[in-house]
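# Close look at the chain arrangement
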Amino acid sequence: IEVFALASGEVRTSIAAGEGALIDKLLFSPDATRLAASAANLSLLGIWQADDGALVQTLQMPPVTIGEIFQWSILPGGQLFVVFSDGLVTAWSLADGKELYSVQKAKVAARTILVWPDFSKYVVFQQGNLTIYQTSDGSQVSLENVLESQAWKRATGISSGDVDVESMALSPDQKYIVIQL
């Protein structure tokens, strides 16, 4: 894996992913200081310093995941928060690499999971319900049955059941959510 400087085209650093690792996803942390790479064939997730390629942590992905990294961030408390493409949500302690929690939050895909811009919370849209969780511990913050609300029924004509979510976005002021069905 090579990190290039866009302005000059020069290699900033090289990262060794490990013997036999077939990297299926690369992502920078939101502050661009770390790089994550998942190797689903080995069920491993590697975290490196982006500037010098120093390995921060190698983590064992939960055995239930079949997906690649969809979203991730390093939280202020030193936790790694990951949403996999198959809807699995997992958090680890970067200090010791221990898994803090791992929960299958969406039955279909990660597109039904939306993470707050500051990574403090995430929302899951499933079977008409919007459920908000804390990223730090996975605890539920609130639940709103959107499909049963009168406003939703008037606006969409949809009342219940499995609804396939194509895309979601949160307004910058975190007052509104847009859902494409």
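The structure under discussion appears in the preceding block.
Rules of the game
Residues numbered from 1 in each chain as written. Predicted model: local features only at pLDDT ≥ 70, side-chain atom pairs only at ≥ 80, totals over all residues. Heavy atoms only, no water. Helix = DSSP H or I, 4+ residues; strand = E, 2+ residues; numbered from the N terminus. Buried < 20%, exposed > 50% of the residue type's maximum accessible area, 1.4 Å probe, protein only. Contact = heavy atoms within 4.5 Å. Areas by Shrake-Rupley, 256 points an atom, 1.4 Å probe, with all protein chains shown as cover. Pairing = 2+ DSSP bridges. Axes fitted to C-alpha atoms, helices over the stretch in contact; angles between N-to-C directions. Phe/Tyr/Trp six-rings, centres within 6.5 Å; stacked < 30°, edge-to-face > 60°. Core = buried A, V, L, I, M, F, W, Y, C linked by side-chain atoms within 4.5 Å. Polar contact = N/O pair within 3.5 Å; in protein donor to acceptor, adjacent residues only side chain to side chain.

Along its length, the protein carries one helix and 16 strands. Across the 181 residues that make up the protein, the buried fraction comes to 41%. Pairs at least 24 residues apart make up 30% of the contacts formed inside the protein by residues separated by at least 6 positions. Surface exposure of the protein reaches about 9600 Å², of which carbon and sulfur atoms provide 52%.

Turning to the sheet that holds strand β4 (residues 34-39), a few remarks are in order. The sheet built from four strands is open, its strands ordered β3-β4-β5-β6 with antiparallel pairing. At either margin of the open sheet sits one strand with a lone partner, and together these are β3 (25-28) and β6 (55-60). Adjacent strand axes in the sheet meet at a mean angle of 15 degrees when their direction is disregarded. Pairing of β3 with β4, which is carried by four bridges, proceeds in the antiparallel orientation. In the strand pairing of β4, Leu27 is matched with Ala36.

Turning next to the packing of aromatic side chains. Summed over all chains, the structure comprises two aromatic pairs. Summarising the aromatic geometry, the rings of Phe81 and Tyr122 are spaced 5.3 Å apart at their centres and angled 40 degrees between planes, so their arrangement reads as tilted. With a gap of 41 residues between them, Phe81 in strand β8 (residues 79-84) and Tyr122 in strand β12 (residues 121-126) connect regions that are remote in the sequence. There is no split in this pair, since Phe81 and Tyr122 are both buried. Aromatic pair Tyr122 and Tyr133: ring centres 5.3 Å apart, planes at 25 degrees, arrangement stacked. Here Tyr133 lies in strand β13 (residues 129-134) and Tyr122 lies in strand β12, a separation of 11 residues in the sequence. Across this residue pair, the class does not change: Tyr122 and Tyr133 are buried. By the ring-pair criterion, three or more aromatic residues cluster together here, those being Phe81, Tyr122 and Tyr133.

Here the focus is the nonpolar core. In this structure, Leu45, Ile69, Trp72, Leu80, Val82, Phe84 and Trp92 are the most contacted members of the largest nonpolar core, which totals 14 residues. Counting only elements with at least two residues in this core, the list comes to β5 (44-49), β7 (69-74), β8 and β9 (88-93). Take this core: its biggest share by element is three residues, from β8. Among residues more than four places away in sequence, those in contact with Leu80 are Leu45, Ile47, Leu59, Trp72, Ser73, Ile74, Thr90, Ala91, Trp92 and Leu94. Among the nonpolar cores identified, the runner-up in size contains 12 residues, and Ile113, Val115, Phe119 and Tyr122 belong to it.

Let us now look at the environment of Asp96. Mapped onto the fold, Asp96 is located in the loop between β9 and β10 (99-104). The exposure class assigned to Asp96 is partly exposed, which follows from its relative accessible area of 44%. In terms of polar contacts, Asp96 uses its side chain to reach the side chain of Ser93, at 3.1 Å. Reaching out from Asp96, the side chain makes a polar contact with the backbone nitrogen of Lys98 at a distance of 3.0 Å.

It is worth stressing that arrangement in space is one thing and function is another; only the former is reported here.
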